[in-house]
Amino acid sequence: MRATTIHAPFDLRVEDVPDPVVRQSGDAVVRVLRSCICGSDLWAYRGESARTPGQRIGHEFLGIVEETGADVGTVRRGDLVVAPFMWSDGVCDYCREGLTTSCEHGGFWGSVGSDGGQGEAVRVPYADGTLVALPAGAASDDRLLAALLTLSDVMGTGHHAALGAGARPGATVAVVGDGAVGLCAVLAARRLGAERIIALGRHETRTDIARRFGATDVVAERGDAAVEAVRALTRGQGAHAVVEAVGTEQSMSTAVNITRDGGAIGFVGVPHGSGTGLDLSVMFDRNIALRGGVAPVRAYIPELLPDVLDGTIDPSPVFDLTVGLDGVPDGYKSMDERTALKVMVTN
């Protein structure tokens, strides 16, 4: 089969690699219909996260089950399925508690020795604990497929952030970051009943999506000016619930400074390139809670899936560029240069 491999910073190739096969009785092989490029993939692309030359890449995909091991019981050949960005066994203590990203047997797509999502097919370990079956008819609906693909990562991650921040009916929510995760956090906050949603972002095409997803206000300023703007919108108090969806020191500092006393921050931006910007004495004095981390999206798919299927939420607008598999390297370039928000890959 053909799959995307990374060899050095800015050196992505679509190459022939061995076809995936069932190795363990709990495995499935999935033929990929849709995958996408994540903002976190860019850290490897830029050389800020180490990769072995030739390593696979990509962790968001959905597709058709081609083959299953003898012990797989929840999906079968021909099923349309979505995969969360990590595999998990579904039965360990952490999985039973909903923290599938800490699964004792879990792992990331694209890790050394595993298939990546940006290819023609993927071997899925622990298929029963990992894959979620989708309605067969969705395979012929391009918009619905795009919306369902977000359940592999960004929609579930935005939901995780909104939950961690305490988004709820009557609350004011502020979202730091206008990437796909931040936009999905806006959508998640609206779904959870937030009364007011303030989106912080400077790119008009993205903040237009934020408004479409439910943002009531947009703040384009950064740093101290952004803090002043949010406080001006909230009678000087700040937001009850703040999502941090960037991962830099500045974004975390902004999140802390726009949080209302007694509020909470839900952080899902992958920390990179700096410290956290946290001053624990400030958080202590103002009773600010911090929750979040890597999102256990497998635990959220059953909750979010019905709302995607019936149109209650439609995250598909986060995809603004579509490429075929051969176009993946150009897709990375577009996201790195910020000419694309999130790239979908069709097979």
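I will try to describe carefully the structure that is included in this document. (Residues numbered from 1 in each chain as written. Predicted model: local features only at pLDDT ≥ 70, side-chain atom pairs only at ≥ 80, totals over all residues. Heavy atoms only, no water.)

**Focus on the sheet that holds strand β14 (residues 239–244)**
- The parallel open sheet is built from six strands, whose spatial order is β13-β12-β11-β14-β15-β16. Of all the strands in the sheet, the pair left with one neighbour each is β13 (217–219) and β16 (289–292). Averaged over all pairs of adjacent strands, the angle between strand axes in this sheet comes to 20 degrees, irrespective of strand direction.
- Of the strand pairs in this sheet, strand β15 (residues 259–267) and β16 are connected by four bridges, and their pairing is parallel. Bridge assignment links phenylalanine 267 to a residue of β16, and that residue is glycine 292.
- Relative to β15, helix α5 (residues 154–165) is tilted by about 155 degrees, and along the sheet it contacts β14, β15 and β16. (Pairing = 2+ DSSP bridges. Helix = DSSP H or I, 4+ residues; strand = E, 2+ residues; numbered from the N terminus. Axes fitted to C-alpha atoms, helices over the stretch in contact; angles between N-to-C directions. Contact = heavy atoms within 4.5 Å.)

**A few points about the packing of aromatic side chains**
- Using the criterion set out here, one finds five aromatic pairs in the structure.
- Residues phenylalanine 10 and tyrosine 45 carry aromatic rings whose centres are separated by 5.0 Å and whose planes lie at 75 degrees to one another, so their mutual orientation is edge-to-face. Note that phenylalanine 10 is positioned in the loop between β1 (2–8) and β2 (11–16) and tyrosine 45 in helix α1 (residues 41–45), a separation of 35 residues in sequence.
- Accessibility expressed as a relative area gives 49% for phenylalanine 10, which makes it partly exposed.
- For tyrosine 45, a relative accessible area of 7% gives the class buried.
- A centroid spacing of 5.3 Å and a plane angle of 40 degrees characterise the contact between tyrosine 45 and tyrosine 332, whose relative ring orientation is tilted. (Phe/Tyr/Trp six-rings, centres within 6.5 Å; stacked < 30°, edge-to-face > 60°. Buried < 20%, exposed > 50% of the residue type's maximum accessible area, 1.4 Å probe, protein only.)

**A closer look at the packing of helix α4 (residues 142–149) against helix α11 (residues 297–309)**
- Following both chains from N to C, one finds α4 and α11 inclined at 160 degrees, their axes separated by 10 Å at the closest point. Here α11 runs roughly antiparallel to α4, going by the angle between their axes. When the axes of α4 and α11 are compared, the crossing they make is right-handed. Contact residues: α4 offers Leu144, Ala147 and Leu148, while α11 offers Leu305, Val308 and Leu309. (Parallel < 35°, antiparallel > 145°, perpendicular 65-115°, else oblique. Left-handed = near helix turned anticlockwise from the far one by under 90°.)

**Comments concerning a nonpolar patch on the surface**
- Where nonpolar side chains cluster on the molecular surface, the patch consists of Leu278, Leu280 and Leu290 and spans about 250 Å² of accessible area.
- Of note, leucine 280 is situated in helix α10 (residues 280–285). (Patch = residues over 30% accessible without salt bridge, like charges linked within 9 Å, V, L, I, M, F, W, Y side chains within 5 Å. Areas by Shrake-Rupley, 256 points an atom, 1.4 Å probe, with all protein chains shown as cover. Salt bridge = Lys/Arg side-chain N within 4 Å of Asp/Glu carboxyl O.)

**Points about unusual backbone geometry**
- The backbone phi angle of tyrosine 126 is positive, close to 50 degrees, even though this residue is not glycine.
- In this structure tyrosine 126 comes out as partly exposed when scored by relative accessible area, which is 35%.
- A positive phi angle is found at asparagine 287, which is not glycine, with a value near 55 degrees.
- Relative to the elements of secondary structure, asparagine 287 occurs in the loop between α10 and β16.
- According to the relative accessible area criterion, asparagine 287 is exposed, its value standing at 58%.

**So, the sheet that holds β1**
- Taken together, the three strands give an open sheet; going across it, the order is β2-β1-β4, and neighbouring strands pair in antiparallel fashion. Whereas interior strands pair on both sides, the edge strands pair on one side only; in this sheet they are β2 and β4 (55–56).
- Here six bridges tie β1 to β2, and the two strands are oriented antiparallel to one another. Bridged to isoleucine 6 within β2 is leucine 12.

**Observations regarding the pattern of salt bridges**
- Evaluated as defined, the whole model comprises 17 salt bridges.
- Across the salt bridge formed by arginine 123 and aspartate 27, the nearest N and O atoms sit 2.7 Å from each other. In this pair, arginine 123 sits in strand β9 (residues 121–124) while aspartate 27 sits in the loop between β2 and β3 (28–36), placing the two residues 96 residues apart along the sequence. As far as the burial class goes, arginine 123 and aspartate 27 line up, both buried.
- Put simply, Asp178, Arg206 and Arg338 are held in one network by salt bridges that share partners.

**Topic: helix α12 (residues 328–336)**
- Restricting attention to buried positions, one finds in α12 the residues Val328, Gly331, Tyr332, Ser334 and Met335. The arc that holds every buried residue of α12, seen down its axis, measures 160 degrees, which confines them to one face.
- Turning to α12, the residues buried within the fold contact β1, β2, α1, β17 (321–324) and β18 (343–346).
- In the segment just after α12, arginine 338 is the residue with positive phi, at about 60 degrees. (Arc of directions from axis to C-beta.)

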